[in-house]
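Listed below are the residues making up each chain.
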Amino acid sequence: MVTRFAPSPTGYLHIGGARTALFNWLYARGRGGKFLLRIEDTDRERSTPEATAAILQGLTWLGLDWDGEAVSQFARKDRHAEVAHQMLARGTAYKCFATAAEIEAYREAERARGASYPIFRSPWRDADPATHPDAPYAIRMKAPRTGETVIDDAVQGRVVVRNDQLDDMIVLRSDGTPVYMLAVVVDDHDMGVTHVIRGDDHLNNAARQQMVYDAMGWPVPVWAHIPLIHGPDGKKLSKRHGATAVGDYQAQGYPAAGMRNYLTRLGWAHGDAEFFTSEEAMGWFDLTGIGRAPARLDFRKLEHICGLHIAATPDAALLQDIEAYLAAANRPALTPDQRALLDRGLYCLKDRAKTYPELLEKAHFLLAARPIVPEPAAAAALDPVSRGILKNLTPQLQSASWSRDELESILTQAAAEAGLGFGKLAAPLRAALAGRTATPSVYDMMLVIGRNETIARLEDAAA
RNA sequence: GGCCCGUUCGUCUAUCGGUUAGGACACCAGGUUUUCAACCUGGGAAGAGGGGUUCGACUCCCCUACGGGCUGCCA
């Protein structure tokens, strides 16, 4: 079996498109099939190489690898024209000499007669070729005018469209360029696509496309039209909603694994499964599990899922992901020292963050160099009394074995001697060590940065 | 306007004629606790409305309302 993702390069990769790609990828990968990529760049006005690059980059970041090279639809225009002419030869299409002005005039006349939205009926459909003028012509499909076309959709069920609702669509423009409706069908057929999984905005188009398959005597693929994604307010997703491009999510530091998990779960379910890997999803994913209603984006749940994935990622992979995030977000790269420290501290950071920026913020204690400048909220804990306690602590730390157990006994004892609960001592320690109020445990921070750095920071803060 | 699709807690969803309508996120209360995150316990929260079919409908059919899509020599 073969699936494909066929975006048009007129902008960034949309989050809804990303989910469509994801579904195609999961379905193919879970069944040992192929997942192909085709760039629908036949609209020369709006297609740009930058958009193509952004789409490829977005898919790559999400980990949706495709088989073979991405196909350019524009590059196949001669093949599309060839098929249009084959249709002509088979008698399933005809030359239409009507000009845009004539078509508009026809519609006006029909409207005047009371038709609300007139379908153009070309007078050339059954014209004798002998009457053909020597003028540019478009090739129109000779679509059936009676009966109905049935789309047997794996998601939407049996969808019936009456043939008299459809016009004879143009397959080849008068300038010889193919129209999308023809190009998709030809490409999908030539690429051996067996399952067309795409947004349900194409559901109506499927009827017309199926007519092309029929006209050419080609086998019709399995259709699966999935609902679009909406913004949190239930409206069609737009820039008003904030992040709509997958690149935004990457730059905001969401892990790709979490994105995949969340997006898979959006509009699809496998019982009560909520947190899973893509490998698991591949084993479960099927078309019948896809919902029929549009789903809304819920950033809280996305973050929750992402947090679980960060916590579950092995340190080495997590470190790589974080560095990739830094580059994508245009943030300074890690120095070798920072990298080594972060690697050492990941164990106490990864289960406290939902995104990479949050993790990095909590990693400030190991990323920052002395002197640590506390944030206002943290500085508040460094009152004179606390500073005195920190000062008294350093000699003991100097001779400590630097094991977690010993640090724990030293600090709890110090707190007890000062007549304080441990929380009262932890606050200034946290301020001195990290300059932040949200950090890993003070013991973990001390263990990660080591004795000398710990003592130096306490002395800085006590001074 | 015509045609097509959709509608279960605030959100994502389970249910495929018989359930106290389940789970997750979010929320509220309590617990744990060194901050954050996490975790534990408990709680509130749903079948758009109206007709049918049926012994019995969230589930099947029809109508209405609402939302979305298509209706191009765009993709």
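To start, this report covers the structure provided alongside it. Remember, it's a predicted structure, so these values are computed and weren't measured experimentally.

Residues Ala138 and Arg140 point to one face of strand S5 (residues 138-141) and Ile139 and Met141 to the other, with burial holding for every one of them. Of the pairings in the sheet, the one linking strand S4 (residues 93-96) to S5 comprises four bridges and is antiparallel in character. Counterpart to Tyr94 in the pairing with S5 is Arg140. Where S5 meets strand S8 (residues 170-172), two bridges bridge the pair, whose relative direction is antiparallel. Bridge assignment links Ile139 to a residue of S8, and that residue is Leu172.

Around RNA strand B, 59 residues are found, and the nearest of them are Tyr117, Arg173, Gly267, Arg430 and Thr439. Separating a sugar or linking oxygen of RNA strand B from a side-chain N or O atom of Gln156 is a distance of 2.9 Å. Elements supplying a minimum of two residues to the surface near RNA strand B: strand S7 (157-162), helix H5 (180-190), helix H6 (203-216), strand S12 (295-296), helix H10 (299-312), helix H18 (422-434) and helix H19 (442-449). At four residues, H18 tops the list of elements feeding residues into the surface near RNA strand B. Residue composition of the surface near RNA strand B, grouped by class: 20 nonpolar, 17 polar and 22 charged.

Another aspect to go through is the pairing of S7. Strand direction decides the pairing type here: strand S6 (residues 148-153) and S7, joined by six bridges, are antiparallel. Each residue of the ladder has a partner; that of Asp152, found in S7, is Arg158.

Another aspect to go through is the packing of aromatic side chains. Per the counting criterion, the structure on display carries 13 aromatic pairs. Each ring, one from Trp268 and one from Phe285, has its centre 5.3 Å from the other, and the planes form 35°; the classification is tilted. One end of the pair, Trp268, is in the loop between helix H8 (256-265) and helix H9 (278-284); the other, Phe285, is in the loop between H9 and S12, with 17 residues separating them in the sequence. Among the aromatic residues, ring-to-ring pairing joins Phe23, Tyr27, Trp268, Phe276, Trp284 and Phe285 into one connected group. Lying across the ring of Phe74, Arg44 places its NZ or CZ 3.6 Å from the centre. Directly above the aromatic system of Phe74 lies the positively charged group of Lys77, at a separation of 5.0 Å from the ring centroid.

Rules of the game
Residues numbered from 1 in each chain as written. Chains lettered and ligands numbered in written order. Predicted model: local features only at pLDDT ≥ 70, side-chain atom pairs only at ≥ 80, totals over all residues. Heavy atoms only, no water. Buried < 20%, exposed > 50% of the residue type's maximum accessible area, 1.4 Å probe, protein only. Helix = DSSP H or I, 4+ residues; strand = E, 2+ residues; numbered from the N terminus. Pairing = 2+ DSSP bridges. Near = heavy atom within 4 Å. Polar contact = N/O pair within 3.5 Å; in protein donor to acceptor, adjacent residues only side chain to side chain. Nonpolar A, V, L, I, M, F, W, Y, C, P; charged D, E, K, R; others polar. Phe/Tyr/Trp six-rings, centres within 6.5 Å; stacked < 30°, edge-to-face > 60°. Lys NZ or Arg CZ within 6 Å of the ring centre and 35° of its normal.

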